[in-house]
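Structural characterization, general
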Amino acid sequence: EAQVTQNPRYLITVTGKKLTVTCSQNMNHEYMSWYRQDPGLGLRQIYYSMNVEVTDKGDVPEGYKVSRKEKRNFPLILESPSPNQTSLYFCASSPRTSGGQETQYFGPGTRLLVL
Amino acid sequence: SQQGEEDPQALSIQEGENATMNCSYKTSINNLQWYRQNSGRGLVHLILIRSNEREKHSGRLRVTLDTSKKSSSLLITASRAADTASYFCATDGAGGTSYGKLTFGQGTILTVHP
C-alpha cells in the first residue's frame, strides 16, 4: 500500500532533549516536506527536499534540522526542543514534475508536547 | 505573507445543501490544490487545478480558478454528514526559487448536520 509513515505518532518530551521524528514513503517520490499545524495558524512549511541531498527552508525553519540521505526517508530533527515547538507535525511527499507542485500525500501526523 | 486564505472560516449547513468555500492568494501560481482534513488527522488531496484551467470537476466537487482575481472556490454539492471536515487550499509559487514551497491557508471548517 502506498503510504507515508511517521514515527512516533505521539511524543512528550522536555525542553532541550534532542529528538527525531522519522518520515518514510514507499512511492519513490522525489519531493518530501515537513509541516507544522497550530490552531489559528493553519499548516506552515518547515523544510522541504526536492531530492536526495537537496533540502531547503520553508516558512518556519528555525529550531529544526532535516536530512535527506535516502530517497524514502526525511527525518525531522529538533536539536533543543522548546515549548513553542509543541505542535502537530505532518510529513508529506509527492512526485516531482516541472509544472509546479503536484498532489501531496500526507502522513498521519505526530503530536509533540514539549514541557 | 499568507498566500492562501480561505473564506468563510466556518460553515454550517444541512445535509443535501451545497457548500461553497473560497480561497484567495497573493502571488502567481502554477497550481492550486484543495485538501480535506478530518479532525487531527492527515490531509487528503481532493483536487488540483492548474493555472491555465478555469474549472475542474471530481464527483460532487467543483473547483473554479480565476487567476485575474487570484481566487478559487470549492463547491461541494449535495453535502453529506461525512463531508464534515476542515478544507484547505494550497498554492505553490510560480517559477524561480519559490518552486517547492507550498503554502496552505488557515482552512474552512465545514459542519454538515444530518
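Source: prediction; values computed, not measured.

1. Examining the state of the cysteines
In the structure shown here, the tally under the stated rule is 2 disulfides over all chains. One disulfide in the model links Cys23(A) with Cys91(A); its S-S distance is 1.8 Å. On the sign convention where negative is left-handed, the bridge of Cys23(A) and Cys91(A), at about -75° about the S-S bond, is left-handed. Taken as a pair, Cys23(A) in strand S3 (residues 19-25) and Cys91(A) in strand S9 (residues 87-94) lie far apart in primary sequence, 68 residues in all. Cys23(A) sits in the buried class, given a relative accessible area of 2%. A relative accessible area of 0% places Cys91(A) in the buried class. In this model, Cys23(B) is linked to Cys89(B) through a disulfide, with the two sulfur atoms separated by 2.0 Å.

2. Let's talk about the interface of chain B and chain A
Chain B puts 23 residues into the contact, and the matching count from chain A is 27 residues. Taking both sides of the interface into account, the surface hidden between chain B and chain A amounts to around 1900 Å²; carbon and sulfur atoms contribute 49%. Where chain B touches chain A, the interface holds 0 salt bridges. Linking chain B with chain A are 5 residue pairs in polar contact (both at pLDDT 80 or more). Residue assignment for the side of chain B that touches chain A shows that the elements contributing at least two residues are strand S4 (31-37), strand S5 (43-50), strand S9 (85-92) and strand S10 (102-104) of chain B.

Rules used in this analysis
- Residues numbered from 1 in each chain as written.
- Chains lettered and ligands numbered in written order.
- Predicted model: local features only at pLDDT ≥ 70, side-chain atom pairs only at ≥ 80, totals over all residues.
- Heavy atoms only, no water.
- Disulfide = S-S within 2.5 Å.
- Helix = DSSP H or I, 4+ residues; strand = E, 2+ residues; numbered from the N terminus.
- Buried < 20%, exposed > 50% of the residue type's maximum accessible area, 1.4 Å probe, protein only.
- Contact = heavy atoms within 4.5 Å.
- Buried area = accessible area lost by both parts, 1.4 Å probe.
- Salt bridge = Lys/Arg side-chain N within 4 Å of Asp/Glu carboxyl O.
- Polar contact = N/O pair within 3.5 Å; in protein donor to acceptor, adjacent residues only side chain to side chain.

Shape descriptors only; they carry no functional weight alone.
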